[in-house]
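# Remarks on the overall topology
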Amino acid sequence: MAFTELKHPLIIDKLSRMRRKETSSKDFRENLNEIAQLMVYEIFRDLELKPMEIETPMTKTIGYTIDKPIVLVPILRAGIGMLDGIQKLIPTARIAHIGLYRDEETLEIHQYFAKKTESIDESYVIIVDPMLATGGSANKAIDIVKGWGVKNIKFVCLVAVEPGISNVLEKHPDVEIYAASKDEKLSDKGYIIPGLGDAGDRIFGTK
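Residues numbered from 1 in each chain as written. Predicted model: local features only at pLDDT ≥ 70, side-chain atom pairs only at ≥ 80, totals over all residues. Heavy atoms only, no water.

### Notes on the UniProt feature "binding site: uracil" (unreviewed entry) in the chain
To keep it simple, the criterion reads: UniProt positions are given in the numbering used here, feature names are shortened, and annotations may be inferred rather than shown by experiment. We count a stretch as a helix when DSSP gives it H or I for four or more residues in a row; a strand needs E for two or more, and each element gets its number in order from the N terminus. The contact criterion used throughout is that any non-hydrogen atoms of two residues lie within 4.5 Å. Between buried and exposed lies partly exposed: a residue is buried under 20% and exposed over 50% of the maximum accessible area for its type, with that area taken using a 1.4 Å probe on protein chains only.
Here, the residues flagged by UniProt with the feature "binding site: uracil" (unreviewed entry) are Ile192, Gly197, Asp198 and Ala199. Looking at the secondary structure, you find Ile192 in strand β13 (residues 192–193). Leave out the neighbours within four places in its chain, and Ile192 touches Met131, Leu132, Ala133, Val159, Val161, Asp183, Lys185 and Leu186. Relative to the helices and strands, Asp198 is located in the loop between β13 and α6 (199–204). For Asp198, a relative accessible area of 35% translates into the label partly exposed.

Given below as structure tokens:
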């Protein structure tokens, strides 16, 4: 498995809009959801299908449907901002939730909430979070999801940097990472540069 940067003119344009510090929360959210929607096509390229008999207005034929449920797992709170765009294309997707926060001094990750869906161990699971910085939150979320018995996991973010990418792939080589952009570096406080700022604050208009 590997890291994939989804470079596409529409994604690059929308991500550039999101990076601007003057972008409003409304425009930030809208572009975030539009990028997530654009990423879906590549993220789900390898989904397996199963045949089923269907009837068109003309005749009976064989159609295909996705063979397992899809579960989206946002890392609270910023991951919530990516759900609507994906659900527009996959309205049947179920939603689990994982709540994590990072100690700003030690950068240690703490869990405060985790709620899985029914039969999640038999599903395709997509963990979503706008940022992949140090990899601490991603690894913690993947640990939780694997603890639910899930085997097929992807991690999807907007921006990622090498320390986080390497950290996740080293600990979870079976998990594929998708990002809209691979950014330059981490600051000494663990923030992505050039990045987006605090994605949660920009999504919800908080400080």
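Once you've had a look at it, read on.
### Thoughts on the environment of Glu104
Along the chain, the position of Glu104 falls in the loop between β6 (97–102) and β7 (109–115). Residue classification places Glu104 among the partly exposed residues on the basis of a relative accessible area of 46%.

### Some details on the pattern of salt bridges
Inclusion rule: Salt bridges are counted wherever a side-chain nitrogen of Lys or Arg sits within 4 Å of a carboxyl oxygen of Asp or Glu.
A full pass over the atoms with the stated rule returns ten salt bridges. Taking the shortest distance from any N to any O, the salt bridge between Asp13 and Arg17 comes out at 2.8 Å. Linking Asp13 with Arg17, this pair stays in helix α1 (residues 9–19), spanning four residues, or about one helical turn. Asp13 sits in the partly exposed class, given a relative accessible area of 37%. According to the relative accessible area criterion, Arg17 is partly exposed, its value standing at 39%. Put simply, Glu162 and Lys182 hold a salt bridge, and the shortest N to O gap is 2.8 Å. Residue Glu162 is located in helix α5 (residues 162–171), and its partner Lys182 is located in strand β11 (residues 176–182); the two are separated by 20 residues in the primary sequence. Look at Glu162 and you get partly exposed, because its relative accessible area is 36%. The class for Lys182 is partly exposed, based on a relative accessible area of 37%. Bridged by salt links that share partners, the residues Asp46, Lys154 and Glu176 form one connected network.

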